[in-house]
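# Geometric and topological summary
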Amino acid sequence: MKQIVQLWSALDPRKRVFVILATVAVFAAVLALSRQAATPSMSLLYAGLESGAAGDVVQSLEQRGVRYSIRGGSIFVESAQRDELRMTLASEGLPTNGNSGYELLDNLSGFGTTSQMFDAAYWRAKEGELARTIVASPHITQARVHIANSGSNPFQREVRPTASVSVTTVGGGLSPNQARALRFLIASAVTGLRPNDVAVIDGSGGLISADEVASPATGEDRNDTLRDRVQRILEARVGRGNAVVELSVETVTESESIVERRFDPTGRVVVSSDTEESTNNSKNGAGGDVTVASNIPAGDAAGNESASAQNSQSRERVNYEVSETQREVVRAPGAVKRVTVAVLVNGVLTTTEDGAQSLQPRPSEELEALRELVASTVGFDEDRGDVITLKSMSFEPILPQGTEASSSMLTMPALDLMSIIQMAVLALVALILGLFVIRPLLSKQPAVMELPSPQGTGEKARRESDVPLTALTGEIADNDVDLPDLSVISQNTDNAELPAHLGQKNGDPVERLRGLISDRKEETVEILRSWLEDREENA
């Protein structure tokens, strides 16, 4: 402590101000470092919550005594407790969904509730229940449903209900199949609502039209499907990562409709048959005079001569139809025109006679077997112009990228990059202040003029003098002591400006020493202290 006081007293006021400011800066940097190290890393717990749901979450965190931070509309907690808090809050039903369902009807009492109020609450509850069902999907975070009901007005005709739904997805927009499912979900829950009357809007603000249907598989989709199949069947034999498959499927991109009608003149088909037959009979009697005898039954009549005739006629009508063939062919886009497959298989690791290992191409029998497997997988058709190319070559080694995942007790936890940068900057500032400001100022010793001891210093003086050295008592003896010439105190050589006892060369040495001590008291004390410290170190 005494040495610090002496160093402090030896500094001028300007240096003292620098030392004070540097010390305060070092302490501030160390305090910031300690605070930064003690502050836990914060991670996002929930974001985008409504005011009521966010308030319930914050209240639950305060009851548990969990440290949290609110930044805008987001809630942050310590990284080590984030997953545990999410599971615990989920068990309590937090965060609550802002959409209310059929529980709205529980608050309606029979007194003072009109039919319009009940209808409004009913449709609001219906919208909330549908929104809850939609949000239950893992890829949808938020949903709002609006139903425009025509009501129970009997004077309205041909007024159909409509609906709209707006959803926010996890990533990207909704696919046509997902939008179609939402339409049928809402249409099935509302009486008289058709799926085409439901408008679906995804998170990016795009309207998914009701006319959109799932398009057939395109060439790219077929490429991916066939490539995965070929890759899977090859890796079962050659191992994972030892086969590279590139596949190209040429498909028909235009649609075509063909209507064909053919007549066969050689072929007849009976459509209808009509047969008609007619018979005509006629008989003529001879004429005579009419008498009384002819009228009497038993009388003699006149001569009875007659003539008869018979006619028969037959007619048949047959209707024939010429044979006709009518065919209509509709060719939709997506038909396969040509398939091209290129397969590269890694070689086989073999050991030579000298013990060295090398990759050699696979045998032709194995390659032929693999080619048959690939042909069966892609539906190879030679008449269509399909091509399969299969080669065996050595792969170049690929160095793994990233860090291999390993479980160890020495594994460092995940650190925040910004926190590390802040700590490094603060540590650098503290180090610079300590090494280049405070240390040079404190280590700079005041200039002290050292006087040689009466008999020299060190072991050499002890060897040259037979008189034993005694410790100084601070008193000057009366006996004569031969002192060596002292070093010059001042650069000024003018003896007139020196004290009288210093300017006398032939005077009493004791008087000269006494005068010097009286004039240089502080320097004398420092010289004596340095002698004593040297004596203690030599001892």
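Residues numbered from 1 in each chain as written. Predicted model: local features only at pLDDT ≥ 70, side-chain atom pairs only at ≥ 80, totals over all residues. Heavy atoms only, no water.

Below, the discussion takes up the overall build of the protein. When helices and strands are counted, the protein shows 14 helices and 14 strands. In the protein, which comprises 539 residues, the proportion classed as buried is 19%. Summarising the internal contacts of the protein: among those between residues at least 6 apart in sequence, 71% fall at separations of at least 24. For the protein, the computed accessible surface area is about 39,400 Å², with 53% contributed by carbon and sulfur atoms. (Helix = DSSP H or I, 4+ residues; strand = E, 2+ residues; numbered from the N terminus. Buried < 20%, exposed > 50% of the residue type's maximum accessible area, 1.4 Å probe, protein only. Contact = heavy atoms within 4.5 Å. Areas by Shrake-Rupley, 256 points an atom, 1.4 Å probe, with all protein chains shown as cover.)

Examined bridge by bridge, strand β2 (residues 68-71) and strand β3 (residues 74-78) share 4 bridges and lie antiparallel to one another. Following the sheet pairing, S69 is matched in β3 by F76. Remark: 2 residues form the turn of the hairpin made by β2 and β3, two consecutive strands paired antiparallel; G72 in that turn has positive phi of roughly 70 degrees. (Pairing = 2+ DSSP bridges.)

With that settled, the discussion passes to helix α3 (residues 51-64). With 14 residues, α3 ought to run about 20 Å at 1.5 Å a step, and its terminal C-alpha atoms sit 20 Å apart, in line with that. Listed as buried for α3 are A53, V57, V58, S60 and L61. Looking straight down α3, one finds that the buried residues subtend no more than 160 degrees of arc, so they occupy a single side. Away from the buried face of α3 by more than 90 degrees, exposed residues S51 and Q63 are located. Where the residues of α3 are buried, they touch β1 (42-47), β2, β3 and α4 (82-91). Two residues or fewer after α3 comes G65, characterised by a positive phi angle close to 70 degrees. (Expected span 1.5 Å × (residues − 1). Arc of directions from axis to C-beta.)

As a further point, take the packing of aromatic side chains. Considering all chains together, one arrives at 1 aromatic pair under this definition. Ring centres 5.4 Å apart and planes at 75 degrees place the aromatic pair Y122 and W123 in the edge-to-face group. Since its relative accessible area comes to 28%, Y122 is described here as partly exposed. It is R71 that lies over the ring of F76; its NZ or CZ is 4.3 Å from the centre. (Phe/Tyr/Trp six-rings, centres within 6.5 Å; stacked < 30°, edge-to-face > 60°. Lys NZ or Arg CZ within 6 Å of the ring centre and 35° of its normal.)

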